[in-house]
Amino acid sequence: MPEPEAGCNPGVEQALAAAYAAQQADQPDQARTLLERALQNAPDDAALNAAYGLLLYDMGALAAALPALSRALMHMADRSDILLAYAAVCLDQRQPEQAEAPLRAYLEQRPGHMAVMIALAENCAARSMMAEALALGHEVMQLGQPPAAFARRYADWLADSGDYRAAIETLNRALQRDGHDVAGWAQLGSYWLAMQEPHKAEQALSRARILQPDFALPTMMQPETDLSQAYVRALFDGYADRFDHDLQDKLRYRAPALLHDAVRSLWPQPPRPCAMLDLGCGTGLAGKAFADMATTCTGIDLAPRMLAQAEKTGCYQQLIAGDVVAECAQLHEYFDLIVAADVLVYLGALEPLFAQIRTHLAPQGLFALTIERHDGPEDWVLQPQRRTAHRPDYLTGLAAAHGLTLRLQQACTPRLEKGQPVDGVLLIFSER
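Cut-offs and rules
- Residues numbered from 1 in each chain as written.
- Predicted model: local features only at pLDDT ≥ 70, side-chain atom pairs only at ≥ 80, totals over all residues.
- Heavy atoms only, no water.
- Buried < 20%, exposed > 50% of the residue type's maximum accessible area, 1.4 Å probe, protein only.
- Helix = DSSP H or I, 4+ residues; strand = E, 2+ residues; numbered from the N terminus.
- Right-handed = clockwise from strand over helix to strand, strands pointing away.
- Pairing = 2+ DSSP bridges.
- Axes fitted to C-alpha atoms, helices over the stretch in contact; angles between N-to-C directions.
- Contact = heavy atoms within 4.5 Å.
- Polar contact = N/O pair within 3.5 Å; in protein donor to acceptor, adjacent residues only side chain to side chain.
- Parallel < 35°, antiparallel > 145°, perpendicular 65-115°, else oblique.
- Left-handed = near helix turned anticlockwise from the far one by under 90°.
- Nonpolar A, V, L, I, M, F, W, Y, C, P; charged D, E, K, R; others polar.

A. Structural context of the pairing of strand β5 (residues 361-372). For β5, the buried fraction is high: 10 of the 12 residues fall into the buried class. For the crossover from strand β4 (residues 335-340) across helix α19 (residues 351-360) to β5, the handedness is right-handed. Sheet analysis places β5 next to strand β11 (residues 424-431), joined by 7 bridges and oriented antiparallel. Among the inter-strand pairings, A368 is bridged to a residue of β11, identified as I428.

B. Representation of the sheet that holds strand β2 (residues 296-301). Pairing is mixed across the open sheet formed by 7 strands, whose spatial order is β3-β2-β1-β4-β5-β11-β8. Every other strand in the sheet has two partners, leaving β3 (318-321) and β8 (404-412) as the edge strands with one partner each. Strand-to-strand twist of the sheet, defined as the mean angle between neighbouring strand axes without regard to direction, takes the value 15 degrees. Pairing of β2 with β3, which is carried by 4 bridges, proceeds in the parallel orientation. Each residue of the ladder has a partner; that of T298, found in β3, is Q318. Those strands touched by helix α15 (residues 255-266) are β4, β5, β8 and β11, and its axis lies near 145 degrees from that of β5.

C. Just the environment of L188, in detail. Here L188 shows up in helix α11 (residues 182-194). If near-sequence neighbours (up to four positions away) are discounted, L188 is found in contact with I168, L171, N172, L175 and A204.

D. Geometry of the pairing of β2. β2 sits mainly inside the fold: 5 of its 6 residues count as buried. Pairing of strand β1 (residues 275-279) with β2, which is carried by 5 bridges, proceeds in the parallel orientation. The residue bridging L279 from the neighbouring strand is I300, located in β2. For the segment spanning β2, helix α17 (residues 304-313) and β3, crossover handedness is right-handed.

E. Expanded view of the side chain of E431. Turning to its location among the elements, E431 is positioned in strand β11. A distance of 3.3 Å separates polar atoms of two side chains, one belonging to E431 and the other to R358. Residues contacting E431, with those up to four places away along its chain left out, are R358, L361, A362, P363, Q364, G365, G403 and L404.

F. Spatial organisation of the packing of helix α3 (residues 46-59) against helix α5 (residues 80-92). At a minimum axis separation of 10 Å, α3 and α5 run at an interaxial angle of 50 degrees. By the angle between their directions, the pair α3 and α5 is classed as oblique. Handedness of the crossing formed by α3 with α5: left-handed. Taken together, the residues of α5 that come into contact with α3 (itself represented by A50, L54 and Y57) are D81, I82, A85, A88 and V89. Its residues assigned to classes, the contact of α3 with α5 comprises 7 nonpolar, no polar and 1 charged.

G. Geometry of the environment of G144. As for its position among the elements, G144 is in the loop between α8 (130-143) and α9 (148-160). Along the backbone, G144 and M114 are 30 residues apart, and their C-alpha atoms lie at a distance of 8.8 Å. The contacts of G144, once residues within four sequence positions are left out, are M114 and R177.

Dropping the structure here:
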């Protein structure tokens, strides 16, 4: 509770002084009694309500503090301590909407007030207004050095949105300032686990253990034989803006063009209309490659930022964010052409995918894809560069089991890897 303000009437001023003295003497219950007696005589006094509400807030009596803080704010809207306590209580009482207007009004008068911006960001997050929460969080992080607890919450919002790269960068910056934040190191470790970077996760979690020896480390994730959706989404969302340039100019990416020419060899006169499904469409390179064939095109991709680039091509009538197998299961359309250009390298077992292909492939339709070749006994393996290679016989066997016929199989070089040609295979299947 702050010291009493000048300008109060004598009775109120005396009560405030006595309550403040009691609180200073570590007698909060006595201070509460004094303020409650004073409020019986002056229930609308702003200073009394402010002192009483802040005292109850400090005592943890949050529900009881809410009415007093609300009355105080009506006359003391410029007091950030009252506003911040009120916003925190509203969050605790699951009434965040009540605090929105005073928080915004305060920032209109005092833009850049970090604590109030943090409160508004948390208010927005509590109401699932995540775009604004993220925008405010970004501004807060640019202002200077926010509390470590907020940096962790902001990082969690980023991770929940799928942007693990930005979440990791946020925590790394925060931990550079405060390397003793055990919770921050643990949270960073969990993000690296989600990104399937077990060694980096172990480094972060070990730092937490050094700082707090009794910290319970989670079981270290061993290198997976498949890639998590979080890893793939974060990889490509962080890559979206420069994806086309790097892929085409640096990696000599040719998968869409190779598939187009192969499909054209089987379809000198493509069916009209021709509905196309682009699995893992990314920025829309396959949509552009098949624009002369497809009359309608649906794209599916895990990474929302990649889809935003694909939308700019104008080649797609529908773009869907999500896992290709799960989203296929939600579709009801049939497609004359289904394309998976350099996409299966981010999948392991393909049985669920082929089941969906068989469901959605129109009569006489084609399923055209590229893979990276694996010649070992396993059906597929996760390579050191974190791309999956498949055995061609594995795919032809799956196709036969799902009623598809192999129409074309040929070696190809879909891209370069560290300047060397990637050993790939192009396959096209059709409905029997």
